[in-house]
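Notes for the structure review
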Amino acid sequence: MLAPLTLFACLSFVSLSAALTLLVCVPLIPVAIASVQTWAKKLLANYWGQYTALGDTFLENLQGLTTLKIYQSDGFKQEEMNTQAEQFRKITMKVLTMQLNSITIMDLIAYGGAALGAVMAASQLCSGRVDLAGCLLILLLSADFFLPMRQLGSFFHIAMNGMAASEKIFRLLDLPERSQGQRPFPADCSIRCENLCFSYEPGREALHGVDLSFPAGGFTAIVGESGCGKSTIASILMGRNRGYSGSVRVGGTELSDIAEVSLMEHITYVSHQSCIFKGSIRDNLLMGKPDAGESELWTALERVKLADFLQGERGLDTPLTERGENLSGGQRQRLALARALLHDSPVYIFDEASSNIDVESENDIMAQIHALARSKTVILISHRLANVADADSIYVIERGAVAEHGTHGELLAKHGQYARLWNAQQNLENYGKEGRSA
């Protein structure tokens, strides 16, 4: 922007009229940029929106390719992706057309201005207002009046593309952060929920009026049919679902007042989908206790009966692929439990930690959970009632509310929801055993 002004000051001593004419034409390039800006911003926002949507679809289809093949739906998904790809092609061509038109306009102004400078130089020379040296100076400098602004115009397209892409990032960064508590986790790790309510969306309450008590050092189970709200309770206790009403107190301290770092240090959560990271066995175990020595790591592996397998591999340096895909489901869950044992927190929450794995792994994992319950506060969420029969206290959740509460024997004696679930599961398991015996 300073270049045209500097050239005007120099050229005005040679020919004021030529310098003034060239300077007046320079703002036409920024005017062209400003006229395109609103259209370009909207167009590029749509471009990046379709770009990310196409990428999401491609990744989803790639990850679910086996499922698509099983149900022979790969052809349908291919057509769906072809449609999105065609939409992306069209908007890409619109972006290129916009950029080409904008560049064409700026080139016409820039080179038209340079041509105007040549005309001015010739007319000034013919009229005798400038000599040959002045004529050549006007010819040489007229193009430089426009080239810097022309270069600015090319940068404009790069900048607009980056701004449209970064708006998605800034929109995420500008989301309001939830308020964080500052108080430490109390020494008394008993947990009490009173009139607990939670909704994922307005008008659809997942929990309503739930009262739960998890005494320190106790073994408490939460059972119920799928979708009744068991995992929602676990998410609230872990501080992930904060928009609840009612009260959740840990040793008399409201859960929302406890610092998140302190909460994560004192509560360990293990689900049936615990993430195993790419790297090595050692890397994944050290997440639970970064300063653990090799003997501690092997002890944890022995407790979950994974040590023998790893000794036949490369030990703690056994490589793991993404999500631990080179391990079986049971081995991944054993590794997740070993990592949780190393964390050694006063409270453990197991959310269907033994589901979707082989029977042997399930029995080994449940044995460790029961052993852990002798010294820690353990909350076990399970759909299989045989796993919770030894719990000190069992809560039966039905449609987001506590339907029954008591020990295994007390709940069976009530002949209610728990007894119906127990009898149904026992009949199913016994039927399977009878079938194998036959």
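Described below are features of the structure shown in this document. Residue indices follow the written sequence of each chain, beginning from 1 at its first position. Side-chain atom pairs in this predicted model are given and counted only at pLDDT of 80 or more, local residue features only at pLDDT of at least 70, and totals for whole chains, interfaces and linings cover all residues. Side-chain numbers come from the whole structure's heavy atoms, not from hydrogens or water.

Take the sheet that holds strand β10 (residues 377-381) next. Note on pairing: two strands pair once DSSP finds at least 2 bridges between them. Numbering of helices and strands runs from the N terminus; a helix is a DSSP stretch of H or I covering at least four residues, while a strand is a stretch of E covering at least two. If you walk across this open sheet you meet the 6 strands as β6-β9-β10-β3-β11-β12, and the pairing is mixed. Taken across any chain shown, the strands that pair with only one partner, and hence form the sheet edges, are β6 (267-271) and β12 (401-406). Going across the sheet, the axis of each strand differs from the next one's by a mean of 15°, ignoring polarity. The pairing of strand β9 (residues 347-351) with β10 spans 5 bridges and is classified as parallel. When the bridges of β10 are listed, Ile349 appears paired with Ile379. Residues are treated as being in contact if the distance between any of their heavy atoms lies within 4.5 Å. Lines fitted to the C-alpha atoms define the axes, with helices restricted to the stretch that makes contact. Angles between their N-to-C directions range from 0 to 180 degrees. Contacts between helix α7 (residues 230-237) and the sheet are confined to β3 (219-223), β6, β9, β10 and β11 (393-398), with β9 contributing the most and set at about 150° to the helix. Lying on the sheet, helix α13 (residues 359-372) is in contact with β3, β9 and β10; it crosses β10 at an angle near 145°.

The side chains of a regular strand alternate, residue by residue, between the two faces of the sheet. When a residue's accessible area, from a 1.4 Å probe over protein chains only, is under 20% of the maximum for its type it is buried; when over 50% it is exposed; and in between it is partly exposed. The buried fraction of β10 is high, at 5 of 5 residues. Of the two faces of β10, both are covered, the one formed by Thr377, Ile379 and Ile381 as well as the one formed by Val378 and Leu380. Judged from the 4 bridges that link them, β3 and β10 form a sheet pairing that is parallel. Looking across to β10, one finds that Phe219 is bridged to Val378. Handedness of a crossover is defined as follows: with both strands directed away from the viewer, a clockwise route from the first strand across the helix to the second makes it right-handed. In this view, the connection linking β9 to its parallel neighbour β10 by way of α13 has right-handed handedness.

What follows deals with the sheet that holds strand β5 (residues 253-254). One open sheet accounts for 4 strands, arranged β2-β1-β4-β5; its pairing is antiparallel. The sheet terminates laterally at β2 (204-214) and β5, the two strands that pair on one side only. Here strand β1 (residues 191-201) runs beside β2; their pairing, made up of 7 bridges, is antiparallel. Its bridge partner lying in β2, Leu196 is registered against Val210.

This part covers α7. Counting buried residues along α7, 7 of its 8 residues qualify, which places the element largely inside the surrounding structure. Taken together, the buried positions of α7 are occupied by Lys230, Thr232, Ile233, Ala234, Ser235, Ile236 and Leu237. Gly239 sits one or two positions beyond α7 and adopts a positive phi of about 85°.

Turning next to the pairing of β9. Along β9, 5 of the 5 residues are buried, which leaves the element largely enclosed by surrounding structure. The alternating pattern of β9 places Val347, Ile349 and Asp351 and Tyr348 and Phe350 on opposite faces, both of which are buried. Summarising the sheet, β6 and β9 pair through 5 bridges and their orientation is parallel. Each residue of the ladder has a partner; that of Thr268, found in β9, is Tyr348.

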